[in-house]
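# Chains, contacts and geometry: an overview
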Amino acid sequence: MSRSNNRQCLLRINILLILLMVPAAQLFSQRVFQTKDATFTINNSGYIISIKDRRSKKEYCPQGMSSPLLSLYKNKTYILPASATFNEVGREIALAFTDGSVATIKIASAGSYLKLQLLRLDNKSDADNIVWGPYKTNISKTIGEIISVVRDDHFAIGMMALNDNTTSGPPSDGDMGFMYYYIHSPDPKKYPLPPHLKEGQTFKIGGDGISDVAFYSQPEEYFRMCYGNGAMLEPAYGSSIALHSRNRRKEQMIRFPVLPDNLDGGFNSARYQLVTPTDADFTGSAIALYACPDNEGLTTIEKIVLKEGLPHPTIDGMWIKDPRAYKPDIAWWGPHDSMSVYAAQLGLNAVQDEGWGEYYPNPANKWGNRKISFTHQPAATIPEFGRRMRQSGVRWGLHTLCEFLQPDNNSDVAPVPSDSLAIMQRSTLAADITINDTLIAVTDTCYFNEFGGWEGNHTNVLKIGKELIEYNGITTTKPYTFLQVKRGFHGTQRGAFKAGTTIVKLQPNCYHGFAPDMNLQQVYADYYGRWLTEGGMDYIDFDGLESCIYQGHGQYSFKQFFRKLFDTYQQTGGNYLRVMGSCVYEGNWHYMSVCNVGGGDHMFDPVHNKWGIEGKDMRYVFESNYFPATFGIISYSSAWSLYDAENLQAKSIGWNTTYMLGLSQQSVESSGEKENIFKAFRAWQDARTADVFTAAQKKKLKDLQQKFHLVQHSKNSFTLYALQENRFPDLPCSGTPTPVKPGIKAGTQLLEFTIKVHVPAKDSLPGIRIGLPDGQALLVEKNLSDGQFIIYRDNQWLITDKNRKKLEEIPFVTSTIPKNGWPEITLTGLKGGNARAKLEVVATIIKSQEKVGVAKQ
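Given the structure is predicted, the values throughout are model-derived calculations rather than measurements. (Residues numbered from 1 in each chain as written. Predicted model: local features only at pLDDT ≥ 70, side-chain atom pairs only at ≥ 80, totals over all residues. Heavy atoms only, no water.)

### A look at the overall build of the chain
- Secondary structure summary: the chain contains 12 helices and 52 strands in total.
- Viewed in the frame of its principal axes, the chain has a C-alpha envelope of about 125 × 85 × 55 Å.
- Looking at the 857 residues of the chain, the share that counts as buried comes to 57%.
- In the chain, of all internal contacts separated by at least 6 residues, the share reaching a separation of at least 24 is 71%.
- Roughly 34,700 Å² of accessible area belongs to the chain as shown, and the carbon and sulfur atoms make up 51% of that amount.
- Positive and negative side-chain charges in the chain, numbering 90 and 86 respectively, have mean positions lying 5 Å apart. (Helix = DSSP H or I, 4+ residues; strand = E, 2+ residues; numbered from the N terminus. Buried < 20%, exposed > 50% of the residue type's maximum accessible area, 1.4 Å probe, protein only. Contact = heavy atoms within 4.5 Å. Areas by Shrake-Rupley, 256 points an atom, 1.4 Å probe, with all protein chains shown as cover. Lys, Arg positive; Asp, Glu negative; His and termini not counted. Charge placed at Lys NZ, Arg CZ, Asp CG, Glu CD.)

As structure tokens, this is what we get:
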């Protein structure tokens, strides 16, 4: 055999040996991975080039576009993959990047989703972050910016972080999205954009940065509020979704918040912040990538949550994200004598105690100096009352300000400040200072010239050693000297310090207090877990949840806080903790039961059957992210009719919303409709619990042109009446008759007819003549004050007070409605009426009725 043939033979043998030895490490043209509902195709450059519905074969990747399976991110620049090899045995993909780094990713189909995990990164680029995606899709209808999901009426594509340090969106300073409006019509045919607006255009939120209500300022349906960056509308092709993981062992200087380019932060404007390291990096970062029918999205997420061991709180055997678990709570004000009694009568078992006031944590005095008040018995401590509520089956808790550490009420601030308070800037002394010096020079300015924090209050406080120092500005030339210095601030001890000593500016909260760093935050999470179980509380409201943003670690900070809170709560004997809070982000989505913020007409008006701007905005955000929409706090009005109260329940069930019913003994006991309202409210609540309404019936309940009345026959059997309400506001009441056509036709089933009087304070209407058909007239020869009602129901005419409590019956010869109905009536003020008076007429009529729940028995 020739040498040439020998060489060729040896080459063939070597190639064969390589193929035999490393059968799994293969370059490939493309690779298809499939789940129960979709296929994902990855090419040999490491890009997703196809996402297809397995049933319809519809393609959800934008035409001609692809998405990196994984990106690296350094200095705010993406580093993209150049090639990919696949290891068949280990089910691993090795991505080689343009900078020479190599990432090894384990990929596996888990039935409903693909699980992707970064095993290792040969990080030659020293990347700051790894990014899963961003993944492009051609879906644009519903953007779930909190939990990285996009949906249309047929399909949902999303991703879920499987560990705490994998968080929503692409990397950003502070790792948080921020609130802003963007233009996106949920239905271009129904809500077409005007010529001056375009899809994806962004706008600043409303208001001055202080009033929550003022944030929500755009009533049009195509103005969408954005709460995050996990999914983004991409008008050119559809949308993108992303998650990322950061190397948090690196110190960062950030400018937060990050707002869209054309938005001015205004009152809540960006500030520079030094983010101190914490022990977490992107090794082991993992995600679940899913694509499924839209109506199976939430079910798919629950499968991921259960299989991957993510937080899965349940209530009454149901996951808190299951719409069957959605229910109203109570917001309580005033003395507590009737609180648990009302809760039992209404069928509600969770109460947020607003009357106690806002709770601020304080390790030195964890129960504060206030007690639970009563009208007819001695005040109780929080633990005493908590035990009573548990025995009554009521989940009760307080309205807290989360991690707001206030100098007048927190032992970690004063008189001896903790070394684990969150900071904004750090420098060192340029010269020694004595306890009396007010000229304090530092080696650099470090953005000390910026006042306050990103929430805009003017809280400038330094910490050196165990002393707090207030200041107002710093000189711009050497020696860099703080201005308007006040030593020993908040009662701390003045000290003498050497040149080179570290001095920091503390991160302020929006109430002129401070916040913990990542280490102290875990202490407070543990504090709250123990405080809840010791206090007999199964409910908590975390107002001020931005206290988990102050550290600069974004969603990771939320996840660490809530994980520790729930761990401690369960370890100390807690079972189900109902969490309310001021916001919903990817970092707390798993743990939050409800977000009943806002309230009143800004959210939903059950009397006039109308969504408010804030309610509209929050509904779109929450529904897009598989979270219950909310009416906020809707306070019980003693002026409500039975059908106003029922409408609140009907619309809540129809729209799958939660809310808090604001109650006090005063508002309830002054209500003339209390007995009827409580009975009907409980019927709706029993129907909600029994899950008796069909999808078609729920759709009907959403109709803002109708109200509803529900009559309960047994546990699972009801009759639902659809009501038409004819309302005539602002009618004059002078000496001249005012004609009204109330729509009470022949054969109409009239439930209630009311006339409400509106006059200025200390004024009155000197009676009224109600002209009825066939020449009949009803004379009300009484002075009527503001808010009083004249009510016709059950063949009786009544005069009531402003709370619908009966004052007297009006005698009338013919109390029944004639066969031809009331096609027209007239209203005339007696004695010339009152030019300042206005009347509001409401006729409530039964339109139809149907059985509910019988088929489900």
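After presenting the structure, the write-up continues.
### Observations regarding the environment of Lys805
- The topology assignment puts Lys805 in the loop between strand 49 (796-800) and strand 50 (806-809).
- With relative accessibility at 35%, the residue Lys805 sits in the partly exposed group.
- Those residues in contact with Lys805, other than ones at most four positions away along the chain, are Glu669, Ser670, Ser671, Gly672, Ile799 and Thr800.

### Looking at the pairing of strand 43 (residues 717-734)
- When strand 42 (residues 707-714) meets strand 43, the two strands line up antiparallel, connected through 7 bridges. Across the sheet, the residue bridging to Leu710 is Leu720, located in strand 43.
- With antiparallel pairing between neighbouring strands as the criterion, strand 42 and strand 43 make up a hairpin whose turn holds 2 residues. (Pairing = 2+ DSSP bridges.)

### A closer look at the sheet that holds strand 5 (residues 67-68)
- In space, the 4 strands of this open sheet follow the order 2-3-4-5, with antiparallel pairing throughout. Of all the strands in the sheet, the pair left with one neighbour each is strand 2 (30-34) and strand 5.
- Relative to strand 5, strand 4 (residues 47-53) runs antiparallel, the two being bridged by 2 bridges. Across the sheet, the residue bridging to Tyr47 is Pro68, located in strand 5.

### Digging into the sheet that holds strand 30 (residues 423-428)
- Strand order in this open sheet of 4 strands is 30-35-32-33, and the pairing throughout is antiparallel. Strand pairing shows two members of the sheet lacking a second neighbour, strand 30 and strand 33 (467-470), which therefore form its edges. Each strand axis lies, on average, 25° off the axis of its neighbour in the sheet, ignoring direction.
- In this sheet, strand 33 lies alongside strand 32 (residues 461-464) in antiparallel orientation, the contact comprising 4 bridges. Pairing of Val461 across the sheet is with Glu470, part of strand 33. (Axes fitted to C-alpha atoms, helices over the stretch in contact; angles between N-to-C directions.)

### Remarks on helix 3 (residues 297-307)
- What helix 3 keeps buried is the set Gly297, Leu298, Thr300, Ile301, Ile304 and Val305. Buried positions in helix 3, seen along its axis, are confined to an arc of 160° and lie on one side of it. Facing away from the buried surface of helix 3 by more than 90 degrees, the exposed residues are Leu306 and Lys307.
- Looking at the buried side of helix 3, the elements it contacts are strand 15 (155-161), strand 24 (286-293) and strand 26 (318-319).
- One or two steps after helix 3, the chain reaches Gly309, where phi turns positive at roughly 70°. (Arc of directions from axis to C-beta.)

### As for the pattern of salt bridges
- Scanning all chains against the criterion turns up 45 salt bridges.
- With a shortest N-O distance of 2.8 Å, Arg426 and Glu251 are connected by a salt bridge. You can see Arg426 sitting in strand 30 and its partner Glu251 sitting in the loop between strand 21 (238-246) and strand 22 (252-256), a full 175 residues away along the chain.
- Look at Glu251 and you get partly exposed, because its relative accessible area is 41%.
- Close ionic contact of Lys700 with Glu850 constitutes a salt bridge, the shortest N to O distance being 2.7 Å. Of the two residues, Lys700 sits in helix 12 (residues 695-701) while Glu850 sits in strand 52 (residues 833-852), which places them 150 residues apart along the sequence.
- Within the structure, one salt-bridge network assembled from shared partners comprises Asp644, Lys707, Glu725, Arg727 and Glu840. (Salt bridge = Lys/Arg side-chain N within 4 Å of Asp/Glu carboxyl O.)

### Quick look at the packing of helix 9 (residues 642-655) against helix 11 (residues 674-690)
- Where helix 9 contacts helix 11, the two axes come as close as 9 Å, and the packing angle between them is 15°. Of the possible angle classes, the one that applies to helix 9 and helix 11 is roughly parallel. Viewed along their axes, helix 9 and helix 11 form a crossing whose handedness is right-handed. Every residue of helix 11 that contacts helix 9 at Leu642, Ala645, Glu646, Gln649, Ala650, Ser652 and Ile653 is listed here: Asn676, Ile677, Ala680, Phe681, Trp684, Gln685 and Arg688.
- Residue classes in the contact of helix 9 with helix 11 are distributed as 8 nonpolar, 4 polar and 2 charged. (Parallel < 35°, antiparallel > 145°, perpendicular 65-115°, else oblique. Left-handed = near helix turned anticlockwise from the far one by under 90°. Nonpolar A, V, L, I, M, F, W, Y, C, P; charged D, E, K, R; others polar.)

### A word on the packing of helix 4 (residues 339-346) against helix 11
- Across the interface, helix 4 lies against helix 11 with an axial gap of 8 Å and an inter-helix angle of 55°. Put simply, helix 4 runs oblique to helix 11. When helix 4 is examined against helix 11, the residues Tyr342, Ala344, Gln345 and Leu346 are found in contact with a partner set consisting of Lys674, Phe678, Phe681, Arg682 and Gln685.
- Class assignment for the residues of the contact of helix 4 with helix 11 results in 5 nonpolar, 2 polar and 2 charged.

### A short note on the environment of Tyr113
- Take Tyr113: it is sitting in the loop between strand 10 (102-109) and strand 11 (114-122).
- Tyr113 sits in the buried class, given a relative accessible area of 1%.
- Expressed as a C-alpha distance, the spacing of Tyr113 and Thr35, which sit 78 residues apart in the sequence, is 5.6 Å.
- Other than its neighbours up to four places away in sequence, Tyr113 contacts Thr35, Ala108, Ala288, Leu289, Tyr290, Ile304, Lys307 and Glu308.
- Polar side-chain contacts of Tyr113 include one of 2.6 Å to the side chain of Glu308. (Polar contact = N/O pair within 3.5 Å; in protein donor to acceptor, adjacent residues only side chain to side chain.)

### Considerations on the environment of Gln788
- By the element assignment, Gln788 lies in the loop between strand 47 (777-784) and strand 48 (789-793).
- Aside from chain neighbours lying at most four places away, what touches Gln788 is Ile755, Lys756, Val757, Asn783, Ile799, Thr800, Asp801, Lys802 and Leu807.

### Considerations on the packing of aromatic side chains
- Inspection of the entire model under this criterion finds 51 aromatic pairs.
- When the ring of Tyr227 is compared with that of Phe622, the centres are 6.2 Å apart and the planes differ by 80°; the resulting orientation is edge-to-face. Of this pair, Tyr227 sits in the loop between strand 19 (223-226) and strand 20 (231-234) while Phe622 sits in helix 8 (residues 613-624), placing them 395 residues apart in sequence.
- A relative accessible area of 1% means that Phe622 is categorised as buried.
- Taking 5.6 Å as the distance between ring centres and 80° as the angle between the ring planes, the aromatic pair formed by Tyr342 and Phe678 counts as edge-to-face. Here Phe678 lies in helix 11 and Tyr342 lies in helix 4, a separation of 336 residues in the sequence.
- Judged by its relative accessible area of 2%, Tyr342 is buried.
- Taking relative accessible area as the criterion, Phe678 reaches 6% and is therefore assigned buried.
- One aromatic cluster in this structure is built from Trp356, Tyr359, Trp367, Tyr524, Tyr527, Tyr528, Trp531, Phe542, Phe561, Phe562, Phe566 and Tyr591. (Phe/Tyr/Trp six-rings, centres within 6.5 Å; stacked < 30°, edge-to-face > 60°.)

### What to know about helix 9
- With 14 residues, helix 9 should reach 20 Å at 1.5 Å per residue; the first-to-last C-alpha distance of 20 Å fits that figure.
- The positive-phi residue at the C-terminal boundary of helix 9 is Asn656, with phi of around 55°. (Expected span 1.5 Å × (residues − 1).)

### Some details on unusual backbone geometry
- Of note, the bond from Phe256 into Pro257 is cis; its omega dihedral lies within 30 degrees of zero at 0°.
- Note on placement: Pro257 falls in the loop between strand 22 and strand 23 (271-275).
- Put simply, Lys478 and Pro479 share a cis peptide bond, and its omega is -10°.
- Checked against the element boundaries, Pro479 lands in the loop between strand 33 and strand 34 (480-481).
- Backbone geometry at Cys446 places phi at a positive 50°, although glycine is not the residue there.
- Relative to the helices and strands, Cys446 resides in the loop between strand 31 (441-442) and strand 32.
- By relative accessible area, Cys446 is classed as buried at 17%.
- Phi is positive for Asn795, which is not a glycine, with a value near 60°.
- Mapped onto the elements of the fold, Asn795 is located in the loop between strand 48 and strand 49.
- Of the residues examined, Asn795 reaches a relative accessible area of 43% and is grouped as partly exposed.

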